[in-house]
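Chain by chain, the residues:
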Amino acid sequence: MIPAGPVVLRPLAPSDAEAIVRACADPEIIRFIPPIPVPYTRDDALQYLEQTRQEWQAGGAPFAIADAGTDEWLGNIGLMARPRGTTEIGYLVAPWARGRGVATAATAALTRWGLEHGAKRVELLANVENLASQRVALAAGFRREGVRRGAEEQRDGTRHDLVAFARLPGDSGERVTPLLPEFPGGSLTDGVVRLRRLTLADTADYLAMRNLPDIMRYSVPPEPSTFEEAEERCRTAGANWLAGTGAEIAILDAATGAFAGDIQLSGVIPPLGQAMTGYSVLPEFRGRGFAARAVDLLVGWAFEHTPLARIIAGTSPGNIASQRVLERAGFTREALLRGLLPGPGGTRLDDLQWCRLRSDARR
């Protein structure tokens, strides 16, 4: 038995079968653990319990996650031997046990136990859309290492990316704090616009906007987007945000909730404390200050909640409307970079750069 704060890790028992069956009817478990049979029956649970006994003999270490006070089954977790001396950790937590730090406590405790018992490297792999599992990995002291493209087959035959995290014996195991925290309550608003993370459900709106001629003209590169490109961008927005590489954000009409445009923090350079912003607004929402409000909201949040001290933006020298947006949002013109950007037909385009510093007075 391994103590893990509010829970303990103990051997699985036949008495856990009914709770396992109830948990495996949960849509999130079905979605992110494709091998689980649907529907999941008591016979499936009993077969799984038998497999765990065999896993111990093969060098694995499966456990039940149980309430430290009542011994109630709350989930499963285990270590599995993988090629090249790597050990993988995997878990599921019952829907009624979520939101209590159960997965983080169990993952941290079992990882520590595994490293103390000879594991040289413990990996945690999470579906690119499974943000909850990626948060658990960071909270349990795992470092994000990259993305394994198309590494997991889904129920419909498609293949999804997996985000890879790992802990080594020399790692501290301390919680990894994301460079870009989530918006408080999931969104920012000034009563006119609302900003929230771009999601897969935004794909159609995002694609239609990106391919408008006057938006595509100022895109880098100035080329149309495909559905696959837009879907990938929306699908990976959450994982990239957690990774601290950038924030892809939908601009919504606060009154109606309608998709009005998008805004980003990209090109994040932590040692410099610098990131870049860019934005687009649909024609029907222009002339209402949406872009300037969105930029001001996002930059104000970045300066208050992240280490970033300098936000830059670039505009085409001829894009006067975008330049006015930046002026209204408190940016200062800095420089004209000649031939910085790729243009159509192999040409190069100038970029007029702007900047707002943390030390600048807020608009």
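Refer to the preceding data block for the structure.
In short, a report on the structure. On a predicted model such as this, the values are computed, not experimentally measured, just so you know.

Section: the overall build of the protein
Working step 1: Summing up its helical and strand segments, the protein has eleven helices and 16 strands in all.
Working step 2: Along the first, second and third principal axes, the C-alpha set of the protein runs to 70 × 40 × 40 Å.
Working step 3: Expressed as a percentage of its 363 residues, the buried residues of the protein come to 49%.
Working step 4: In the protein, once contacts between residues fewer than 6 apart in sequence are set aside, the share between residues at least 24 apart is 62%.
Working step 5: When the accessible surface of the protein is split by element, carbon and sulfur atoms take 53% of a total near 17,500 Å².

Some details on unusual backbone geometry
Working step 1: Cis rather than trans, the peptide bond between Val38 and Pro39 has omega equal to 0°.
Working step 2: Inspection of the secondary structure puts Pro39 in the loop between α2 (27-32) and α3 (42-57).
Working step 3: Residues Val220 and Pro221 are joined by a peptide bond in cis, for which omega reads -5°.
Working step 4: For Pro221, the location among the structural elements is in the loop between α7 (213-216) and α8 (227-235).
Working step 5: The backbone phi angle of Asp71 is positive, close to 70°, even though this residue is not glycine.
Working step 6: Relative to the elements of secondary structure, Asp71 occurs in the loop between β3 (61-67) and β4 (73-82).

Section: the pattern of salt bridges
Working step 1: Tallying each qualifying case throughout the model produces 24 salt bridges.
Working step 2: One salt bridge connects Asp71 with Arg10, and the closest N-O pair in it is separated by 2.9 Å. Here Arg10 lies in strand β2 (residues 7-10) and Asp71 lies in the loop between β3 and β4, a separation of 61 residues in the sequence.
Working step 3: Take Asp71: its relative accessible area is 39%, and that puts it in the partly exposed class.
Working step 4: Take Arg10: its relative accessible area is 7%, and that puts it in the buried class.
Working step 5: The salt bridge partner of Arg135 is Glu182, with a shortest N-O separation of 2.6 Å. Here the residue Arg135 occupies a position in helix α5 (residues 131-139), and Glu182 occupies one in the loop between β8 (159-167) and β9 (187-189), the gap between them amounting to 47 residues.
Working step 6: Judged by relative accessible area, which is 32%, Arg135 ranks as partly exposed.

Thoughts on the sheet that holds β9
Working step 1: Ordered in space as β9-β10-β11-β12-β13-β14-β16-β15, the eight strands form an open sheet in which the pairing is mixed. Whereas interior strands pair on both sides, the edge strands pair on one side only; in this sheet they are β9 and β15 (332-342). Each strand axis lies, on average, 25° off the axis of its neighbour in the sheet, ignoring direction.
Working step 2: As judged from the three bridges shared by strand β13 (residues 274-281) and strand β14 (residues 310-315), these two strands associate in the parallel manner. Bridging across to β14, Ala275 finds its partner in Ile311.

Some remarks on α8
Working step 1: For α8, the full list of buried residues reads Ala230, Cys234 and Arg235. An end-on view of α8 places all buried positions within 130° of arc, on one side of the element.
Working step 2: Considering only its buried residues, α8 is in contact with β8, α6 (203-210) and α9 (237-243).

Quick word on the environment of Arg328
Working step 1: Examined against the element boundaries, Arg328 turns out to sit in helix α11 (residues 320-328).
Working step 2: Here Arg328 falls in the partly exposed class, since its relative accessible area comes to 43%.
Working step 3: Placed 95 residues apart in sequence, Arg328 and Arg233 show a C-alpha to C-alpha distance of 29 Å.

Remarks on the environment of Leu12
Working step 1: As for its position among the elements, Leu12 is in the loop between β2 and α1 (17-23).
Working step 2: The sequence separation of Leu12 and Ala23 amounts to eleven residues, and the corresponding C-alpha distance is 15 Å.
Working step 3: In this view, Leu12 contacts Ile20, Tyr48, Leu49, Thr52, Pro62, Phe63, Ala64, Trp73 and Asn76; residues no more than four positions away in its chain are not counted.

Concerning the packing of α6 against α8
Working step 1: Following both chains from N to C, one finds α6 and α8 inclined at 125°, their axes separated by 9 Å at the closest point. Viewed along their axes, α6 and α8 adopt a mutual orientation that is oblique. Helix-helix and strand crossings are classified by hand; for α6 and α8 the assignment is right-handed. Contacts from Thr203, Tyr206 and Leu207 of α6 reach α8 at Phe227, Ala230, Glu231, Arg233 and Cys234.
Working step 2: Looking at the contact of α6 with α8 residue by residue, the class counts come to five nonpolar, one polar and two charged.

The rules we used
- Residues numbered from 1 in each chain as written.
- Predicted model: local features only at pLDDT ≥ 70, side-chain atom pairs only at ≥ 80, totals over all residues.
- Heavy atoms only, no water.
- Helix = DSSP H or I, 4+ residues; strand = E, 2+ residues; numbered from the N terminus.
- Buried < 20%, exposed > 50% of the residue type's maximum accessible area, 1.4 Å probe, protein only.
- Contact = heavy atoms within 4.5 Å.
- Areas by Shrake-Rupley, 256 points an atom, 1.4 Å probe, with all protein chains shown as cover.
- Salt bridge = Lys/Arg side-chain N within 4 Å of Asp/Glu carboxyl O.
- Pairing = 2+ DSSP bridges.
- Axes fitted to C-alpha atoms, helices over the stretch in contact; angles between N-to-C directions.
- Arc of directions from axis to C-beta.
- Parallel < 35°, antiparallel > 145°, perpendicular 65-115°, else oblique.
- Left-handed = near helix turned anticlockwise from the far one by under 90°.
- Nonpolar A, V, L, I, M, F, W, Y, C, P; charged D, E, K, R; others polar.

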